[in-house]
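Each chain is listed here by its residues.
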Amino acid sequence: MEQDHRLRIEAECTRLINHYANLNDAQDWEAVARLYTEDARFMRPSGGDPVLGRAAILESFLARKPRAQRHVIANTVVDVDGPETARAFSAILLFQGDVAADGELPVMSANSPLVGWYRDRIVLTGEGWRFAERVGGLDFRP
C-alpha cells in the first residue's frame, strides 16, 4: 500500500476517534451509535459486560443518566492493517459532573478526571470508517 493512502487512512481513523468523543460529549447517542458497525463490540473503560451490536450500543447509551462530560483524547496511534482495516490506541481523560439545573457550569465530580485508554479495531464500510470493536480501560482507580 502506498504511503499517501496509508496516511489518508490514519487521518480518517483519527478523525473518527475525535468525532466520537465530540458526539459523546454532546450526548448525541444516535450519531454515536452510527459510528459502529452493525455487529460491533463495545466495552466501556469503567468495565462491565461487552455490548454487542449497534442497536444494543445505542440502547446502552440511551439508558445512561445525563451528565456533564468532556473527553480529551491524546496519543492516538493508528496502525493500518490493510486498505479496509486498521487498529488504534488512544489515551483518554474524562472530566464529568452533574448537569446544573440552573444553566450554570456543572461542578466537577470528585472522581474526575478519569484516566484511561481505548483500543479500537476500525473497518471501512459502505458508510465510511466505523468501529468494529472499541474496548476501553482505566489506568487508575477513581
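Refer to the preceding data block for the structure.
Note that the structure is a prediction, hence the values are computed from the model and not measured.

Criteria and thresholds
Residues numbered from 1 in each chain as written. Predicted model: local features only at pLDDT ≥ 70, side-chain atom pairs only at ≥ 80, totals over all residues. Heavy atoms only, no water. Core = buried A, V, L, I, M, F, W, Y, C linked by side-chain atoms within 4.5 Å. Buried < 20%, exposed > 50% of the residue type's maximum accessible area, 1.4 Å probe, protein only. Helix = DSSP H or I, 4+ residues; strand = E, 2+ residues; numbered from the N terminus. Contact = heavy atoms within 4.5 Å. Pairing = 2+ DSSP bridges. Axes fitted to C-alpha atoms, helices over the stretch in contact; angles between N-to-C directions.

A. Focus on the nonpolar core. The biggest cluster of nonpolar side chains holds 25 residues, and the ones touching the most others in it are Y20, Y36, F42, I122 and F131. Mapped onto this core, the elements with two or more residues apiece are α1 (3-25), α2 (29-33), β1 (36-43), α3 (54-62), β3 (68-82), β4 (85-97), β5 (114-125) and β6 (128-138). Ranked by residues supplied to this core, first place goes to α1 with six residues. Contacts of F42, omitting those with residues within four sequence positions, involve Y20, Y36, D49, P50, V51, I57, F61, Y118 and R134.

B. The arrangement of the pairing of β4 in detail. In this sheet, β4 lies alongside β3 in antiparallel orientation, the contact comprising twelve bridges. Its bridge partner being in β4, Q69 is matched across the sheet by Q96. Turn length for the β3-β4 hairpin, with the two strands adjacent in sequence and antiparallel, is two residues.

C. Looking closely at the sheet that holds β1. Read across the open sheet, the six strands follow the order β2-β1-β6-β5-β4-β3; overall the sheet is mixed. With partners counted over all chains shown, the strands left at the sheet margins are β2 (51-52) and β3, one partner each. In this structure, β1 lies alongside β2, joined through two bridges in antiparallel fashion. By the bridge assignment for β2, F42 is matched with V51. Each of β1, β3, β4, β5 and β6 is contacted by α1, which is oriented at about 160° to β3, the strand it contacts most.

D. Focus on the pairing of β1. Note that β1 and β6 share four bridges and pair parallel. When the bridges of β6 are listed, M43 appears paired with V135.

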